[in-house]
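Read off the chains here:
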Amino acid sequence: MQYLLNAPASLYATVQLPASKSISNRALILHALSGGSTRPENLSDCNDTQVMIRALDHMPDVIDIHAAGTAMRFLTAYLCVTPGTHTITGTERMQQRPIRILVDALRTLGARIDYAGNEGFPPLCINGTQLTGSEIELAGNVSSQYISALLMIGAVLPVGLKLRLTGNIISRPYINLTLQLMHDFGAQAGWTSESSIDVTPGGYRDTPFRVESDWSAASYWYQMTALATGSPEVELLGLFANSAQGDSRGAELFARLGVQTEYIPQGVKLRKQGHPVVRLDEDLVDIPDLAQTFVVTCCLLDVPFRFTGLQSLKIKETDRICALITELRKLGYVIHAEQDSILWWDGERCPADEQPGIDTYEDHRMAMAFAPACLVCPSIRINEPQVVSKSYPRYWDDLQAAGFGITAYPESR
Ligand SMILES: O=C(O)C1=C[C@@H](OP(=O)(O)O)[C@@H](O)[C@H](O)C1
Ligand SMILES: C=C(OP(=O)(O)O)C(=O)O
């Protein structure tokens, strides 16, 4: 399928954002480990959370988590401490996303895990057992999800858990989000140095918990506000000012691109104010999921950039470094990569396709970050638009409600 997008003449919208999948999937694991009956409220309706709910509710012999990185990593650790034998698998891409660092760490703690396909990658066959280890060292420079997965089970281990992280820690705010939620569910855990974390044993308590809206999803509305002409006004509901989500830092970066955030009781109100900076150089190591948003926005605003800290992009839903370079060329922008961890643009242009069809590579963020481009490039088409269901199933409905025209074609052209 393909969507042809048309921008509204002016952008005024009030949007009920989806709940955060990162928070939902942590809350579901912590709730399960608490053994309580008070289910977290306002869970995301996205595919990544649906697969988690299904797995925890039914615990089938074969658990298929589709494309959900958090579900794969968090459930792997969870299954190690849960009685029974399960195989956990996912999409073809998931079977290419590395998991050896987590498996090695869990094995050091005494877990019984076998690779059911290729060494180092899902699917995994896991036999739940009592873990006896309590201290591990693991790399912190590949995916923070391994660390979050270990931390969450740490509180139910007999003597707790001490983690020592090596290398430059990436996606640190996601580790802090895990620690915050563990605390909310009654556990004690925290940093003891820049690279060490201790978790006290004692388990979790049954706790009422409400999931905040998704700050990563909010970024596409910031992007639309930045790119819209006139005086756009967008209200995003369900976001907190003092959010534990690292991607809330997007608000501060967008201020430099001319979008002002006003915190209101229901969420945030966005308006355009001032002019974008003349160039944007930023380390995005803490906010990798916003890389596509900022790369596309800066090109379309004509703001040259250099974004570092992107080393995790190659192992996400697709190789996002390659995908961005290829798809931006269709819009007439020549961006460059360095050392698999940096993307930069000095303003270089190439002829744009007449009716660009953006490929999305089974990556929700490719679809969501390129759709706002219709505010600048008429006749833009998004291929396989249904990929948004991974984190924001109502994305296209919300765009239509905001006045965007969407025409669906059955075949990609
Ligand atoms: O813990 C989480 O909820 C997430 C951590 C990040 O992954 P990495 O730690 O692999 O960068 C992020 O990209 C992902 O979307 C969600
Ligand atoms: C990388 C992402 O998700 P995950 O790693 O959880 O599949 C994402 O949502 O951008």
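Residues numbered from 1 in each chain as written. Chains lettered and ligands numbered in written order. Predicted model: local features only at pLDDT ≥ 70, side-chain atom pairs only at ≥ 80, totals over all residues. Heavy atoms only, no water.

Let me state the cut-off plainly: UniProt positions are given in the numbering used here, feature names are shortened, and annotations may be inferred rather than shown by experiment.
Under the annotation held in an unreviewed UniProt entry, the protein carries the name 3-phosphoshikimate 1-carboxyvinyltransferase and is attributed to Caecibacteroides pullorum. One UniProt comment on the protein, placed under Subunit (unreviewed entry), says "Monomer." Heading Subcellular location (unreviewed entry) of the UniProt record for the protein holds this comment: "Cytoplasm".

## Digging into the packing of helix H9 (residues 291-301) against helix H10 (residues 320-330)
Our working definition: For helices, the axis comes from a line fit to the C-alpha atoms of the stretch in contact; other axes are also lines fit to C-alpha atoms, and the angle between any two N-to-C directions lies between 0 and 180 degrees. Helix and strand assignments come from DSSP, with helices taken as H or I runs of at least 4 residues and strands as E runs of at least 2, each series counted from the N terminus. Any angle that is under 35 degrees is reported as roughly parallel, and any over 145 degrees as roughly antiparallel; angles of 65 to 115 degrees are reported as roughly perpendicular and all others as oblique. If you view the pair so one helix is near and one far, a crossing is left-handed when the near helix is turned anticlockwise from the far one by less than a right angle, and right-handed when it is turned clockwise. Residues are treated as being in contact if the distance between any of their heavy atoms lies within 4.5 Å. For this classification, the nonpolar set comprises Ala, Val, Leu, Ile, Met, Phe, Trp, Tyr, Cys and Pro, the charged set comprises Asp, Glu, Lys and Arg, and every other residue, Gly included, is treated as polar.
For the pair H9 and H10, interaxial distance at closest approach is 11 Å and the crossing angle is 20°. Relative to H10, the element H9 lies roughly parallel. H10 is crossed by H9, and the crossing has right-handed handedness. Of H10, the residues touching H9 (which contributes Gln292, Val295, Val296 and Cys299) are Arg320, Leu324 and Leu328. Of the residues that constitute the contact of H9 with H10, the class distribution is five nonpolar, one polar and one charged.

## Topic: the sheet that holds strand E20 (residues 405-409)
What counts here: We call two strands paired when DSSP finds no fewer than two bridges between them.
Strand order in this open sheet of four strands is E18-E19-E1-E20, and the pairing throughout is mixed. Each of the sheet's edge strands pairs with one partner strand only, and the pair in question is strand E18 (357-358) and E20. Relative to E20, strand E1 (residues 2-6) is paired through five bridges, and the arrangement is antiparallel. When the sheet's bridge partners are listed, tyrosine 3 is paired in E20 with alanine 408.

## A closer look at the domain arrangement of the protein
Basically, it comes down to this: The source of the domain bounds is an automatic or database domain assignment. Buried area, as used here, totals the accessible surface that two parts lose on assembly, with accessibility defined by a 1.4 Å probe and the loss added over both. By convention in these notes, a salt bridge is any Lys or Arg side-chain nitrogen within 4 Å of a carboxyl oxygen on Asp or Glu. We define a polar contact as two N or O atoms separated by no more than 3.5 Å, with the added condition that, inside protein, one atom must be a possible hydrogen donor and the other a possible acceptor, whereas residues neighbouring each other in sequence contribute only through side-chain atom pairs.
Taken domain by domain, the protein comprises domain 1 (2-18 + 221-409) and domain 2 (21-199). Opposite the 24 residues of domain 1 that make contact, domain 2 presents 22 residues. Of the roughly 1700 Å² buried between domain 1 and domain 2 on both sides combined, carbon and sulfur atoms contribute 53%. Along the contact surface separating domain 1 from domain 2 lie two salt bridges. Put simply, lysine 390 and aspartate 48 hold a salt bridge, and the shortest N to O gap is 2.7 Å. Counting across the domain 1 and domain 2 interface gives ten residue pairs in polar contact (both at pLDDT 80 or more). Here the residues of the side of domain 1 that touches domain 2 are counted per class, giving six nonpolar, eight polar and ten charged.

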